[in-house]
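Letter by letter, the chains look like this.
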Amino acid sequence: MRIAILALQGAFAEHRQMLSRIGIDSFFVRNAADWQQTKDGLIIPGGESTAMMRIISDEGLSQPIREAITHGLPTFGTCAGLIMLDRVHLNTMNILAKRNAYGRQLGSFRTIAEFKEIGRVPMTFIRAPFVAETDTDVEILAEVDGRIVAARQGKQLVTAFHPELDEDERIHRLFIDMCRAFKYESNHASTS
Ligand code: GLN
């Protein structure tokens, strides 16, 4: 298995380190040529969603990424990555993100909270969004202060916080479990 990590901007290197700690190979996607190799799963990291949306559009990646996710490519979005999957951005997930939802002063904090099926996990928030709206096909996985901070819909997993910045590997392992037995075989990705 080899996981694609969108590496245009933001905290992509930390995801790669986390995956390597759990013995999973990964590669960085910076352009359409890199994207061709994407098969098993995709991570969209934290960063600035506005900048990332602009760059994927400039690189001609918005459409292929949206199409792959719609066809079931397992995808994990953290923080800005959560925002990018919502209804007003790539619109692959039935959620509405509220950006910079904790305000400027309280923008960054750490807590420990319950995550469905995993237990209590450390959560690092950096000017994080939260999930303001969901539909019935979206499973809520974690809440902090009554706000949804992790959710899953089919093969899409999102967290408002940054599991790649903590020691706990369980959320990445959960994502890897979602990637098992999946191969994206569209025309552009089935070259091997
Ligand atoms: N506030 C950022 C945004 O709106 C997200 C912050 C992050 O990814 N750490 O894109």
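Keep in mind that what you see is a predicted model, and the values were worked out from it rather than measured.

1. Quick look at the environment of Ile-3
In step 1: Turning to its location among the elements, Ile-3 is positioned in strand S1 (residues 2-6).
In step 2: Sequence separation of Ile-3 and Lys-39 is 36 residues, and the distance between their C-alpha atoms is 7.7 Å.
In step 3: When residues no more than four places from it in sequence are discounted, the contact partners of Ile-3 are Leu-19, Ile-24, Asp-25, Ser-26, Phe-27, Asp-40, Gly-41, Leu-42, Ile-43, Phe-175, Ile-176 and Cys-179.

2. Things to note about helix H3 (residues 49-58)
In step 1: Within H3 the residues assigned to the buried category are Ser-49, Ala-51, Met-52, Met-53 and Ile-56.
In step 2: Where H3 is buried, its residues contact S1, strand S3 (42-44), helix H4 (62-70) and helix H5 (80-85).

3. Considering the site of the ligand
In step 1: Neighbouring the ligand are Gly-46, Gly-47, Glu-48, Ser-49, Cys-79, Ala-80, Ile-83, Arg-99, Asn-100, Ile-126, Arg-127 and His-162.
In step 2: Interatomic distance of 3.0 Å between a backbone N/O atom of Ala-80 and an oxygen atom of the ligand.
In step 3: Measuring from a nitrogen atom of the ligand, one finds a backbone N or O atom of Arg-127 at 3.1 Å.
In step 4: Contact with the protein chains covers 96% of the free accessible surface of the ligand, which is 300 Å².
In step 5: Each residue belonging to the shell around the ligand can be placed in one class, and the counts come to four nonpolar, five polar and three charged.

4. Observations regarding unusual backbone geometry
In step 1: Of note in the backbone geometry, Cys-79 takes a positive phi value of approximately 55° without being a glycine.
In step 2: Mapping Cys-79 onto the fold places it in the loop between strand S4 (75-78) and H5.
In step 3: Judged by relative accessible area, which is 5%, Cys-79 ranks as buried.

5. Some points on the packing of aromatic side chains
In step 1: Evaluated as defined, the whole model comprises four aromatic pairs.
In step 2: Relative to Phe-125, the ring of Phe-109 lies with its centre 4.6 Å away and its plane at 15°, an arrangement referred to as stacked. With Phe-109 in strand S6 (residues 108-115) and Phe-125 in strand S7 (residues 119-126), the pair connects residues that are 16 residues apart, well separated along the chain.
In step 3: In this structure Phe-125 comes out as buried when scored by relative accessible area, which is 1%.
In step 4: A network of ring pairs unites the aromatic residues Phe-109, Phe-125 and Phe-161 as a single cluster.
In step 5: Here the guanidinium or amino end of Arg-16 rests over the ring plane of Phe-28, the centre of that ring lying 5.1 Å away.

6. Description of the UniProt feature "active site" (unreviewed entry) in the protein
In step 1: Residues given the UniProt feature "active site" (unreviewed entry) here are Cys-79, His-162 and Glu-164. These residues run over 86 residues, yet every pair of their C-alpha atoms falls within 11.0 Å of each other.
In step 2: Those residues in contact with Cys-79 that lie beyond four places of it in its chain are Gly-46, Ile-126, Ala-128, Pro-129, Thr-159, Ala-160, Phe-161 and His-162.
In step 3: Here Glu-164 lies in the loop between strand S11 (156-159) and helix H6 (170-179).
In step 4: Under the relative-accessibility criterion, Glu-164 is labelled buried at 6%.
In step 5: Those residues within four positions of Glu-164 in sequence are excluded, and the remaining contacts are Ala-11, Glu-14, His-15, Met-18, Thr-78 and His-172.
In step 6: There is a polar contact of 3.5 Å between the side chain of Glu-164 and the side chain of His-15.

Definitions and cut-offs
Residues numbered from 1 in each chain as written. Predicted model: local features only at pLDDT ≥ 70, side-chain atom pairs only at ≥ 80, totals over all residues. Heavy atoms only, no water. Helix = DSSP H or I, 4+ residues; strand = E, 2+ residues; numbered from the N terminus. Contact = heavy atoms within 4.5 Å. Buried < 20%, exposed > 50% of the residue type's maximum accessible area, 1.4 Å probe, protein only. Near = heavy atom within 4 Å. Polar contact = N/O pair within 3.5 Å; in protein donor to acceptor, adjacent residues only side chain to side chain. Areas by Shrake-Rupley, 256 points an atom, 1.4 Å probe, with all protein chains shown as cover. Nonpolar A, V, L, I, M, F, W, Y, C, P; charged D, E, K, R; others polar. Phe/Tyr/Trp six-rings, centres within 6.5 Å; stacked < 30°, edge-to-face > 60°. Lys NZ or Arg CZ within 6 Å of the ring centre and 35° of its normal. UniProt positions renumbered as here; feature names shortened; annotations may be inferred.

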